[in-house]
Amino acid sequence: MKRTIAALFFSAALAVAGQPQGQPELPRMIHKPVSKVGLSGETQARAWLADNHDALQLAQSDLVLIRTQESLLAHHYTFAQMVNGVRVQDGEVVVSVDKKAGTINRVSQHVIVADLPLAVEKFTLSGDDAQEVAWQHLEVRGELRGMPSDEQRWVDVDGTLRLAHRVSIFCDEPSGDWVVLVDAVSGEILDTQDMLRDHYRGEAKPPATGPLTARTEAIARYQEKQNRVSKNQAVGKRADGRAMVFDPDPVTTRQQAGLQDNSPSSEFDGTYFERTLQDITESGGTYSLTGPWVRILDFDFPDVAPSTTTDGFWNFTRENVAFHDAMTYYHIDENQRYMQRLGFTGTTGIQFGSIEADANALNGADNSQFSPSANRVFFGHGCVPDNEDADVIIHEYGHAIQFSIVSTWNRGGDEFMLGEAFGDYWAGSWSVRTNEGLLFEPAWVFHWDGHNFCWDGRRMDDRGQQYNPNAVYDRHSHGQIWSTGAFQGLLELMRQGIPREEVDKIILESMFGLGRSVTAPVWCEAIISTAQSLYPDGPHAQVLRNSFAANNIIDKVSAYTYLSAHVPPSTASWASGVEIANPNSSATNVSITTYEDEGSGTFRAVSTESITLSANQTRSVTPAGSGQRWLQITSDQPLSGLSSFTRQIDTTVGRETAAIPLIAETETGTSLVFPHIPADRNQFWSGFVLVNPNSGAASLTFELIGENGSDLSNLLSGGARASLAARDKWVNFLAEGPAGEAGLFDDSGSSEKVAWVRVSSDQQLAGFQLYGYRSDRGEAATAGIIATPNQNRELQPIRVSVEGVDWNGFAVVNPSAEAANLTMTAYGTDGSIITQQNTSIGARAKTLGLNLAGGNFVYPTTNPVLNLDGNSVHTVVVQSNAPLRIFGLTGDSGNTTLDGAAALGLTTNTVFTNPSGTLQIFKAKVPGTLTISRTDSRGDVTTQTLEMAAGANQSIQLEDGLQSVQIQGDYFTSALISSDPERALTVIEGKQIAYNP
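The structure presented is a predicted model; accordingly, all values stated were derived computationally and were not measured. All residue numbers refer to positions counted from 1 along the written sequence of the respective chain. Totals for whole chains, interfaces and linings use every residue, but because this is a predicted model, local features are given only for residues with pLDDT of at least 70 and side-chain atom pairs only at 80 or more, for both listing and counting. Hydrogens and waters are ignored; side-chain quantities use all the structure's heavy atoms.

### What about the pattern of salt bridges?
As a reminder of what qualifies: Any Lys or Arg side-chain nitrogen found within 4 Å of a carboxyl oxygen on Asp or Glu counts as a salt bridge. Strands here mean DSSP runs of E at least two residues long; helices mean DSSP runs of H or I at least four residues long; both are numbered from the N terminus. Each residue's exposure class comes from its accessible area (1.4 Å probe, protein chains only) as a fraction of the maximum for that residue type: buried when under 20%, exposed when over 50%, partly exposed otherwise.
Within this structure, the stated rule accounts for 46 salt bridges. R433 serves as the salt-bridge partner of D247, at 2.8 Å between the closest nitrogen and oxygen. Of the two residues, D247 sits in the loop between β11 (237-245) and α5 (250-254) while R433 sits in the loop between α8 (414-431) and α9 (435-439), which places them 186 residues apart along the sequence. On the basis of relative accessible area, D247 is assigned to the buried category, the value being 5%. Owing to a relative accessible area of 27%, R433 belongs among the partly exposed residues under this scheme. Through salt bridges with shared partners, a single network forms among D261, R318, E319 and E388.

Encoded structure:
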């Protein structure tokens, strides 16, 4: 709230106890409590309450179900605490039951201990009398903004339950959406709270002036105005209109601060955009801004009727109330539709109805507000009119969103701070849906309404503010503690290519079931838990945890675990190596555990080595043992590294090396794809490695998918495993091995060949595949692809340049059961866009693209939608909403060299260990600066910066003798391409280093 009346709080005769005496020992938030087998839904919730009645110390209380909600993951049951049929103020229990498993996800409990003396058991003060007492207490001097109401309550005061009236009065002087607790017998004021939510800076309100207002007269005037509002509401048919709006605001669009409210209109040229106003109302040739998700009304002062048009086009500019009406309608309506696209629709809908908005309210004050009691939003016009800035509109709508999910965050402390923080986050997320929002001061909130002579605005990059559980927080300025953690986590994930939509979905879903008296750590832990549930195979939970930890809200990740999934026995034909690097600015402690096959197919830990890596140090690791092995590497800071495999047939053929990045524990998955079974089985072999790093056995289910998307799982061989024991590793061929060995399947008799394989498990697995030329062809060429789990990436850049190679190709696998739409953008060697084409890939299909030096680049290779001069193309960027698997292959026309790598998506921080050859970098989405740090053999670091435009590429020839090369920035991909005189071609894709601010 912008302004508060501290005197009202201090004048209250008694304050409600924040922590009532004898509070239950159960924690406020209980994660994953014991559930009843065979139960689900409300029955499961009631069973838990019955089992924990004594632990909750309910005594004389009853728990009555008052609300049922459904979210994406769970059903949420809110039970109000009752004594003798009257609700206990602030007493409630919320039980969240998983929709799929039927088990309880969490319980939020705020029980007021009821085995206390009941001072009075009858209401002697009427509700109308209580309203008058509250009215006089507030000293109302202005007009009503909502109809006063009252409800009966028990209130805990100093350990005693007292009957009271909970009176709601929403008025403009003193400004507030007030809740006053009035003793039901004596009329004593027990507590006063302001529930109003706004976006502003929280200045103290000047003393109220003017005569006191009579309650009955104020009610009569309010009812008269609301009758006019109801009478003037548009009724008609739905139609789409148009409007010129700011999106998100003129400062962001101009990419320049300094714009002022009194700047000439010419300064705003180019900042207006035409947008569709969906589902407005048309009646008799008049179009009104009344729709299914927002209605523009005049329910507050000044009395200015909402604008209408005769052609459905709001073609107005700033400082015009019609422009403000259109801004308010467009952004609220579009934001609601955005939430619905996230899945929050119908029974899971949030604010799932038409919210009322007055786009010219508050008598022109420089503030905007959301009223919980009225479920209305109000926009003022002081200084820069508030609803000329989408940040303000979405901030206020953010309050409405949060109130729709959890309506009980109204007791001050962290709750008010978190409410303002979410509004800021939600506004910031809305702005960065545009490239301009990402480029210009993305951490600012209120780019146009604030950050000028009007006021300072707020920021969401304040790492200096650290959360203190013992502090009492201001709702606005201290909200930046939470909003910084959330928003910086969002930016980092977006810069890694994670869709913004996924992060917003996590934040919204996490609020369901939180209940009353939530604290910042409780909400943040709920966010992490939600991220793990929604995206178990993604970096979401780790990034958000470390981002919140940077503001001291929760603990950061304490240990980082990586797997080198395959250390084979050394033979004359095969050799392997493991390299690890410390990309941090301080030393890190590393523990390396080797698991080895004891000879019976059972793997056990045979060695654990502890080492310390200094800042920027790279080290080669020699694993203990001599048999089949894999390594578990744990450190107290993020690491980088790789596993390499070198194949040599004989001295006449030479050798070939493939490299696989270390697999982070967070990159294991329950569904892995081996994306490439070479079609020419006479020339190529293919194999795989699977590791179960868990302490329990893992089930295995294989799906063999054919070239036409058919399920060919019936071709599995009898030797296909159904499980992996704890710590077990399985090495096998897919089709035939390099010398014709039997594999996972035999499709020699099938007209449709297996194109790719999916393995599913009840545990997180790590894996990769190797493939190459068969030894009977006399070639050693070998390539490797990491098996990636299910992840959506906003952009997938694929390097297709034929610089230094004869051919470069890639494959796109759609593992989904539905066809996927793709947008393919081809960038030239000069960084320009050559072409952009929309296409699709069938369900469970695989398509190929190929670029030949001196020839053409085509995608797909049959019936191509892209057919371009091969030497002019450098990178193709794939955009899709499906969890595509993409990998590249490159080699020479003589089939003597070969390597490939999975497309690992955009990165912000990556390291190449012991690098040699050519470093290729591609800058995606937005222009920016990249920092490249080289660490030489002595440990000395040299740094260079690159300013790169969106779509630009850069090739850098690396000098010999480097320990590592680190690249930092945003929205980039990189690859290291090296070869040696023995025809060994190695392609290593840059892989994201764990975020650790």
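### Quick word on the UniProt feature "domain: FTP" (unreviewed entry) in the protein
Filter applied, for reference: UniProt positions are given in the numbering used here, feature names are shortened, and annotations may be inferred rather than shown by experiment.
According to UniProt, the "domain: FTP" (unreviewed entry) feature falls on residues 75-100. The span residues 75-100 shows a helical share of 0% and a strand share of 85%, and its end C-alpha atoms are spaced 10 Å apart.

### A word on the sheet that holds strand β22 (residues 560-567)
In plain terms, the rule: Being paired, for any two strands, means DSSP has found at least two bridges between them.
Read from one edge of the open sheet, five strands run β25-β24-β27-β22-β30, paired in antiparallel fashion. Of all strands in the sheet, those bounded by a partner on one side alone are β25 (603-613) and β30 (663-664). Summarising the sheet, β22 and strand β27 (residues 629-635) pair through six bridges and their orientation is antiparallel. Residue Y562 lies in a different strand from β27, and its bridge partner there is I633.

### Things to note about the nonpolar core
What counts, and what does not: The nonpolar core is taken to be a set of buried Ala, Val, Leu, Ile, Met, Phe, Trp, Tyr and Cys residues, with the residues joined through side-chain atoms within 4.5 Å. Two residues qualify as a contact provided that any one of their heavy atoms is within 4.5 Å of a heavy atom in the partner residue.
In terms of nonpolar packing, the biggest core is built from 107 residues, with Y425, W482, L508 and W523 touching the most fellow members. It is helix α6 (residues 321-341) that provides the largest number of residues to this core, a total of nine residues. In this structure, Y425 is in contact with M460, W482, A486, F487, L490, V503, D504 and I507, ignoring residues within four places of it in sequence.

### A short note on the sheet that holds β11
Strands sit in the order β15-β13-β12-β11-β16 across an open sheet of five strands; the sheet is mixed. Lying at the two open borders of the sheet, with one neighbouring strand each, are β15 (308-309) and β16 (313-314). With eight bridges connecting them, β11 and strand β12 (residues 273-283) associate as antiparallel partners. Residue R238 lies in a different strand from β12, and its bridge partner there is T281.

### Comments concerning the environment of V876
In this structure, V876 sits in strand β46 (residues 873-879). What makes V876 buried here is its relative accessible area of 0%. Between the C-alpha atoms of V876 and Q769, which are 107 residues apart in sequence, the distance is 24 Å. Residue contacts for V876: discarding those within four places in its chain leaves Q796, P797, I798, V800, M824, T825, A826 and F857.

### Some words on helix α11 (residues 500-511)
Operational definition: To estimate how far a helix should reach, multiply one less than its number of residues by 1.5 Å.
Counted at 1.5 Å a residue, the expected span for α11 with its twelve residues is 16 Å, and the 18 Å between its end C-alpha atoms agrees. With respect to burial, α11 is a largely interior element, eleven of its twelve residues being buried. Those residues of α11 not exposed but buried are R500, E502, V503, D504, K505, I506, I507, L508, E509, S510 and M511. G513 sits one or two positions beyond α11 and adopts a positive phi of about 85°.

### Some remarks on the state of the cysteines
The condition that has to hold: Cysteine sulfurs are considered disulfide-paired once they come within 2.5 Å of each other.
For the structure on display, the rule yields one disulfide. Between C383 and C454 runs a disulfide, and the two sulfur atoms are separated by 1.7 Å. Classification of the bridge connecting C383 and C454 rests on its S-S torsion, roughly -80°, and on that basis the disulfide is left-handed. In this pair, C383 sits in the loop between β19 (376-379) and α7 (390-405) while C454 sits in the loop between β20 (444-445) and β21 (458-459), placing the two residues 71 residues apart along the sequence. C454 sits in the buried class, given a relative accessible area of 10%.

### A few points about the packing of aromatic side chains
Counted only if it meets this: Only centres within 6.5 Å qualify two rings of Phe, Tyr or Trp (six-membered ring in Trp) as a pair; their planes then separate them into stacked at under 30 degrees, edge-to-face at over 60, and tilted for everything else.
Overall, the coordinates contain 31 aromatic pairs when judged by the stated rule. Ring centres of W293 and F352 lie 4.9 Å apart, and the angle between their planes is 45°; on these two criteria the pair is classed as tilted. Of this pair, W293 sits in the loop between β13 (286-288) and β14 (294-296) while F352 sits in the loop between α6 and β17 (355-358), placing them 59 residues apart in sequence. Owing to a relative accessible area of 13%, W293 belongs among the buried residues under this scheme. Since its relative accessible area comes to 39%, F352 is described here as partly exposed.

### Quick word on the packing of helix α10 (residues 479-495) against α11
Using the following cut-off: Whenever a helix is involved, its axis is fitted only over the stretch in contact; in every case the axis is a line through C-alpha atoms, and angles between N-to-C directions fall within 0 to 180 degrees. With respect to orientation, any angle under 35 degrees is reported as roughly parallel, any angle over 145 as roughly antiparallel, any angle of 65 to 115 as roughly perpendicular, and every other angle as oblique. Rotating anticlockwise by less than a right angle from the far helix to the near helix defines a left-handed crossing, while the corresponding clockwise rotation defines a right-handed one.
As a packed pair, α10 and α11 sit with axes 9 Å apart at the nearest point and diverge in direction by 150°. The angle between α10 and α11 places the two elements in the roughly antiparallel class. The crossing of α10 and α11 is right-handed. Of the residues in α11, those touching α10 at W482, L490, L493 and M494 are R500, V503 and I507.

### Focus on unusual backbone geometry
Each neighbour pair has its own omega, and for D247 with P248 the value is 5°, a cis peptide bond. Positive phi is not limited to glycine here, since N375 has a value of about 50°. When you line up the elements, N375 lands in the loop between β18 (368-371) and β19. The phi dihedral of R727 is positive, around 65°, even though this residue is not glycine. On the secondary structure map, R727 appears in the loop between β35 (723-724) and β36 (729-733).

### Side note on the environment of Q466
The test is simple: Distance and chemistry together define a polar contact, namely a pair of N or O atoms within 3.5 Å, with one atom able to donate a hydrogen and the other to accept it when in protein, and with adjacent residues in sequence counting only for side-chain atoms on both sides.
Along the chain, Q466 turns up in the loop between β21 and α10. Expressed as a C-alpha distance, the spacing of Q466 and S558, which sit 92 residues apart in the sequence, is 19 Å. Those residues in contact with Q466, other than ones at most four positions away along the chain, are Y473, I481, A550, N551 and N552. Here R463 takes part through its backbone oxygen, which lies 2.8 Å from a polar atom of the side chain of Q466.

### Some details on the side chain of T290
One can find T290 in the loop between β13 and β14. Judged by its relative accessible area of 9%, T290 is buried. Excluding residues that lie within four positions of it along the chain, T290 makes contacts with A234, R238, D279, I280, T281, R295 and Y329.

### Observations regarding the confidence of the model for the protein
Interpretation of the predicted coordinates at a detailed level should be avoided for regions scoring low in pLDDT. What counts here: Per residue, pLDDT captures the predictor's confidence, and it can take any value from 0 to 100.
Per-residue confidence for the protein averages 91 on the pLDDT scale, and 94% of its residues sit at or above 70. The low-confidence segment residues 1-24 (pLDDT under 50) makes 73 contacts with residues lying over four places distant or belonging to another chain.

### A few points about the pairing of β25
Bridge count for strand β24 (residues 588-597) against β25 is ten bridges, and the pairing is antiparallel. Residue pairing for β25: D597 is matched across the bridge by F603. Connecting the antiparallel pair β24 and β25 is a turn made up of five residues, with G599 showing a positive phi of about 110°.

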